[in-house]
Amino acid sequence: HNAIVWQDTRTEKLVSHYTQSLGQDGWRQKTGLPFATYFSGLKLRWLLDHVKGLREAAEAGDAIFGTMETWLIWTFCGNHVTDVTNASRTMLMNLHTLDWDQDILDALDIPRLMLPQIVSNNGLLGRVQDGASKGLPICSAIGDQQAALFGQTCFQSGQAKNTYGTGCFMLLHTGNDIVQSRHGLLTTVACRTEKDAATYALEGSVAYTGAVVQWLRDNLGFVRTSAEIEKLAASVADNGGVYFVPAFSGLYAPYWRPDARGTIVGLTGYAGKAHIARAALESTAWQTLDVLKAMEQDSGIPLEQLNVDGGMVVNELLMQFQADVLQVPVQRPQVNETTALGAAYLAGLATGYWKNTDELLQNHAISQSWTPQMDKATVDAAYKQWQKAVARSMDWV
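This section reports on the structure supplied with the text. (Residues numbered from 1 in each chain as written. Predicted model: local features only at pLDDT ≥ 70, side-chain atom pairs only at ≥ 80, totals over all residues. Heavy atoms only, no water.)

1. Considering the overall build of the protein
Reasoning step 1: Secondary structure assignment for the protein yields 15 helices and 15 strands.
Reasoning step 2: For the protein, the residues scored as buried account for 55% of the 397 residues in total.
Reasoning step 3: Partitioning the contacts of the protein with sequence separation of at least 6, the portion at a separation of at least 24 is 71%.
Reasoning step 4: Surface summary for the protein: the accessible area is close to 17300 Å², and the carbon and sulfur share equals 51%.
Reasoning step 5: Here the protein carries 30 positive and 39 negative side-chain charges, and the mean point of each set is 4 Å from the other. (Helix = DSSP H or I, 4+ residues; strand = E, 2+ residues; numbered from the N terminus. Buried < 20%, exposed > 50% of the residue type's maximum accessible area, 1.4 Å probe, protein only. Contact = heavy atoms within 4.5 Å. Areas by Shrake-Rupley, 256 points an atom, 1.4 Å probe, with all protein chains shown as cover. Lys, Arg positive; Asp, Glu negative; His and termini not counted. Charge placed at Lys NZ, Arg CZ, Asp CG, Glu CD.)

2. Quick look at unusual backbone geometry
Reasoning step 1: Going from A253 to P254, the amide bond is cis rather than trans, its omega being -5°.
Reasoning step 2: Relative to the assigned elements, P254 resides in the loop between β11 (243-245) and β12 (263-265).
Reasoning step 3: Located in the positive-phi region is D395, a residue other than glycine, with phi close to 60°.
Reasoning step 4: As for its placement among the helices and strands, D395 is situated in the segment after α15 (376-393).

3. Some thoughts on helix α1 (residues 12-22)
Reasoning step 1: Turning to α1, its buried residues number three or more, namely L14, V15 and Y18. Summarising the axial view, the buried residues of α1 lie within an arc of 100°, below the 170-degree limit, and thus occupy one face. Set apart from the buried face of α1 by more than 90 degrees, the exposed residues are K13 and Q20.
Reasoning step 2: Looking at the buried side of α1, the elements it contacts are α3 (40-50) and α7 (102-108).
Reasoning step 3: In the stretch just after α1, G23 is the one whose phi turns positive, near 90°. (Arc of directions from axis to C-beta.)

4. Notes on the side chain of K43
Reasoning step 1: Its location among the elements puts K43 in helix α3.
Reasoning step 2: Buried and unpaired, K43 has no salt bridge, with D8 as the nearest side chain of opposite charge at 5.1 Å.
Reasoning step 3: Side-chain polar atoms of K43 contact the backbone oxygen of T37, separated by 2.7 Å.
Reasoning step 4: Ignoring anything within four residues of it in the chain, the contact list for K43 reads I4, V5, W6, D8, T11, T37 and Y38. (Salt bridge = Lys/Arg side-chain N within 4 Å of Asp/Glu carboxyl O. Polar contact = N/O pair within 3.5 Å; in protein donor to acceptor, adjacent residues only side chain to side chain.)

5. What to know about the packing of helix α9 (residues 210-218) against helix α11 (residues 273-299)
Reasoning step 1: Across the interface, α9 lies against α11 with an axial gap of 9 Å and an inter-helix angle of 160°. Here α11 runs roughly antiparallel to α9, going by the angle between their axes. The hand of the α9/α11 crossing is right-handed. In contact with V212, V213 and L216 of α9, α11 contributes I276, A277, A280 and L281.
Reasoning step 2: Its residues placed into classes, the contact of α9 with α11 shows seven nonpolar, no polar and no charged. (Axes fitted to C-alpha atoms, helices over the stretch in contact; angles between N-to-C directions. Parallel < 35°, antiparallel > 145°, perpendicular 65-115°, else oblique. Left-handed = near helix turned anticlockwise from the far one by under 90°. Nonpolar A, V, L, I, M, F, W, Y, C, P; charged D, E, K, R; others polar.)

6. Let's talk about the side chain of S283
Reasoning step 1: Of note, S283 is situated in helix α11.
Reasoning step 2: Once residues within four sequence positions are removed from consideration, S283 is found in contact with F244, P246 and W386.

7. Description of the pattern of salt bridges
Reasoning step 1: Counted according to the given criterion, the structure contains 16 salt bridges.
Reasoning step 2: One salt bridge connects K30 with D103, and the closest N-O pair in it is separated by 3.3 Å. Note that K30 is positioned in helix α2 (residues 28-31) and D103 in helix α7, a separation of 73 residues in sequence.
Reasoning step 3: In this structure K30 comes out as partly exposed when scored by relative accessible area, which is 26%.
Reasoning step 4: Accessibility expressed as a relative area gives 52% for D103, which makes it exposed.
Reasoning step 5: R224 is paired through a salt bridge with E228; the nearest N and O atoms lie 3.6 Å apart.
Reasoning step 6: R224 gets classed as exposed once you look at its relative accessible area, which sits at 73%.
Reasoning step 7: Residue E228 is classed as partly exposed on the basis of its relative accessible area, which comes to 27%.
Reasoning step 8: Here the salt bridges share partners, and the residues they tie into one network are R45, D49, R55 and D109.

Geometric values such as these leave the question of function open.
This is how it looks when you write it as structure tokens:
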């Protein structure tokens, strides 16, 4: 069947059903996740319910399932495996046992036979079977955000990174401790190497950040290229009182409100295209602040600095505003694509290219940093307006 992307909301009725019967956090102690359309376990249940003949094929062992790395390793190597970080985001894996949870599989009526074997994030995961790369070993697989955390060399409890891409994903390393969130975050596996025990993280997931810029470009024609958004936003001194809540598929962390929808508020006759563009960029920073506040409440660890990466970090207006609203320094590494770097680091450790994580720390370099320029009183006043805008976006559906 066609792949189903993480922003897809076709499982909304299933989410509503399980939330009503078990509560939104019914499986949080086991999985670290609330019921939401985000996670692939319910998407698999949807497929089993809606694709003719699939359930029978799955029960017979003739249909198998996996996320993207599973499909790639299967295609290249013929092995049906998934790494522990991607498995932790299906809502089917128990964080404590690092194995599929049979009670959850039974509740969702998912045949265990169709699920891949859960493996570590590095080691020999398979060898390419055909073509010019025949025999080449696959030595690492890791989820997008966990890879960025590793690529940022955030190996210690209390270190955090934020990746700015289509969405925005902030992870706080919690070491070997499974910290259950009481403020709308996700608990996830950070990494498990072939030599070390699993480490964990708290994550705040924001659905729309870079995708908002694409929406302004493609749907409204505000700019011709995404890079032009910074110049447009910088052509005005501030947002002109405009706030943009990009809840196009509901709000993710820390709200988890599928009923929310995109909202632009504070419009006056004075507001123009540039103010809306600036408000769109600022929404990324405000959503990150929402997540940070939840992280500090859950972990008790005040953030000292934020490591950033991803496509949007080239936008210096956004990065300065991010430092302003967080009131901590923001630093960008020389290698922005830390997801790819993290996967490479793990493969390098598996093959002996790097001896240990100390060598990776020596390899990490910062290209630019931003320090707060805005006073706290100004930030607090603007944040209250942002919170009012978020409240207006709710209860729409």
